[in-house]
Structure formats: C-alpha cells, structure tokens
Amino acid sequence: MAKQTWAGGNMLYPLPAVMVSCANAAGEKDIVTVAWAGTVCTNPPMLSISLRPERHSYHIVRESDEFVVNLVTARLQRACDWCGVRSGRDFDKWAECRLTPAPATTLELAPAIEESPVSIECRVRDVLELGSHHLFLADVTAVQVEDALLDERGRLDLARAGLTAYSHGEYFELGRRIGSFGYSVRKRPAKGGRR
C-alpha cells in the first residue's frame, strides 16, 4: 500500500465532538464545542479538554475551575456545530439552540445540558499551557445518564443514544457494532458444546 509522508499535524480521528457547558460566579454561562477531548485516567476518573485562550468560554472555565462535558447525539448535532462556530460573546447559545441548562449534582456553577443523554461533571485539576490550546486536566465528579440508555439489567447501553463523531471536518453518526472489548481473544465454545 503506497503512503505519503506529510508534516506533523493532528490526524487522530474520529473524535467525539462534545458540548462543554460552563458558568462563572459573574453569571456568564456558555456552551463551547470541543473535539480535543479525551479520557485521561480510570482511577481516579479523569478527562481533558483543550481550549484556545481566545474562546469566550476559556475564561469562564479558567475562573470557575469546572465544566460539564455533554455527549452529542444526531438530534443535537446541529446545535453542536452551531456552538462551535458562533461565539458566546455575540450570542446566548442556550437560547439560540433551544437548550436547557440543568443543575449539575456536584458542581457549584456549571450546568449540564438537559437534552444531552450523558453529562460528565468535571472539576479542573490543572491547566497546561501548551501552545495554541491549553489543556484542562479535570477530575470527573459525577456522570448523569438518561434512564432510556439503561438496559433491562441496569447497564449502560450507549448504542441507544445515537452518538456522533467528528472526523477531519465532518460529523458522522456512529453505526454498526463490529465487536466488543476482548472479543478477539475470547474462547469460543467447543463444537456441540453448550453456549
């Protein structure tokens, strides 16, 4: 297979495009779309988001040290894109996108987005000023999950949510399941054996 070599750049795709909701003590609240987001640690549960200091939401998160990562569904994708290309300096994104701020259970200021099926409450642990973006390293303090995403045994079934992903300037709805964690090494039952 022939390949080309390009200069270094960010080509780690697909990514979750999430809606980060935030607020500060001065009463400012905003929603910013972030594709530079990811899991950092399981124990303690941590994640990160990266924001440009020029973004309106940057100073809100920096002042409050808290935010909520709201997962995006196909139904929320238009609002997600809109919140990524419009500034909270010029628009009330909550009103423009008809989104509802919902109380976080462990944070003082940042609201969750009621319409999101999963909202991850975060408290900033550290900020790394890396260059064009600053990385907010955060502890996950709580996760709000829509009841409809739980199966009959009470386990989370995210496939029910219709989540979306961002890949090199485009959005895609996640689709067909092709395996589950560990399926490549799972023992198969012997022929004629019990399943």
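Owing to the predicted nature of the structure, the values given are computational and were not obtained by experimental measurement.

Glancing now at the overall build of the protein chain. Regarding its fold elements, the protein chain presents three helices and eleven strands. Taken along its principal axes, the extent of the C-alpha atoms in the protein chain is 70 × 50 × 30 Å. Looking at the protein chain as a whole, 41% of its 195 residues are labelled buried. A total of about 12600 Å² of accessible surface is found on the protein chain, and carbon and sulfur atoms cover 51% of it. Each charge class in the protein chain was averaged separately, 24 positive and 24 negative side chains, and the resulting centres sit 15 Å apart.

Attention shifts here to the side chain of E66. Within the secondary structure, E66 sits in strand 5 (residues 66–70). One buried charge, E66, has no salt-bridge partner; the nearest side chain with opposite charge is R123, at 4.5 Å. Among the polar contacts made by the side chain of E66, one reaches the main-chain amide nitrogen of A110 at a distance of 2.7 Å. Apart from the residues lying within four places of it in its own chain, the contact partners of E66 are C22, V61, L107, E108, L109, A110, C122, R123 and V124.

Okay, the nonpolar core next. Residues I49, F67, V69 and F136 are the most contacted members of the largest nonpolar core, which totals 26 residues. Listed by contribution, the elements that provide at least two residues to this core are strand 1 (18–23), strand 2 (29–34), strand 4 (46–51), helix 1 (56–64), strand 5, strand 8 (118–129) and strand 9 (134–145). Of all the elements, strand 8 adds the most residues to this core, at five residues. Residues in contact with F136, not counting those within four places in the same chain, are L47, S48, I49, L51, Y58, V61, R62, F67, V124, D126 and V127.

Looking now at the pattern of salt bridges. A complete count under the given rule lists five salt bridges for this structure. The partner of D30 in a salt bridge is K93, and the shortest N-O contact between them spans 3.8 Å. Taken together, the positions of D30 in strand 2 and K93 in helix 3 (residues 93–96) put the pair 63 residues apart, joining distant regions of the chain. Residue class for K93 comes out buried when judged on its relative accessible area of 2%. Between R155 and D151 there is a salt bridge; the shortest N-O distance is 3.3 Å.

One open sheet holds the seven strands; their spatial order is 2-1-5-8-9-4-3, and the pairing between them is antiparallel. At either end of the open sheet lies a strand with only one pairing partner, and these are strand 2 and strand 3 (37–41). Between one strand axis and the next, the sheet turns through 35° on average, direction left out of account. Sheet strands in contact with helix 2 (residues 77–85) are strand 1 and strand 2, and its direction is about 100° off that of strand 2.

The next subject is the side chain of N24. Checked against the element boundaries, N24 lands in the loop between strand 1 and strand 2. Residue classification places N24 among the buried positions, given a relative accessible area of 5%. At 3.0 Å, the side chain of N24 and the side chain of E63 are in polar contact. In contact with N24, other than residues within four places in its own chain, are H59, I60, E63, S64 and L109.

The rules we used
Every chain is numbered on its own, with residues counted from 1 as its sequence reads. Given that this is a predicted model, residues contribute local features only at a pLDDT of at least 70 and side-chain atom pairs are listed and counted only at 80 or more, while totals for whole chains, interfaces and linings are drawn from all residues. Excluded from the side-chain calculations are hydrogens and water; all other atoms, namely the structure's heavy atoms, are used. Under the DSSP-based scheme used, a helix requires at least four consecutive residues in state H or I and a strand at least two consecutive residues in state E, with every element numbered from the N terminus. Type-normalised accessible area, obtained with a 1.4 Å probe on protein chains alone, sets the label of each residue: buried when under 20%, exposed when over 50%, and partly exposed for intermediate values. All accessibility values rest on the Shrake-Rupley procedure with a 1.4 Å probe; residue burial counts only the protein chains present in the view. Residues counted as positive are Lys and Arg, residues counted as negative are Asp and Glu, and His and the chain ends are not counted. Every charge is mapped to an atom, namely NZ of Lys, CZ of Arg, CG of Asp or CD of Glu. We count a salt bridge whenever a side-chain nitrogen from Lys or Arg sits within 4 Å of a carboxyl oxygen from Asp or Glu. Pairs of N or O atoms are called polar contacts if they sit within 3.5 Å, as long as, within protein, a hydrogen donor faces a hydrogen acceptor (for residues adjacent in sequence, only side-chain-to-side-chain pairs). Here, residues are in contact when the closest pair of their heavy atoms is within 4.5 Å. Each nonpolar core is a collection of buried residues, namely Ala, Val, Leu, Ile, Met, Phe, Trp, Tyr and Cys, held together in the definition by side-chain atoms within 4.5 Å. Pairing between strands requires that DSSP locate at least two bridges from one strand to the other. Fitting a line to C-alpha atoms yields each axis, with helices limited to the stretch in contact; the angle taken between N-to-C directions then spans 0 to 180 degrees.

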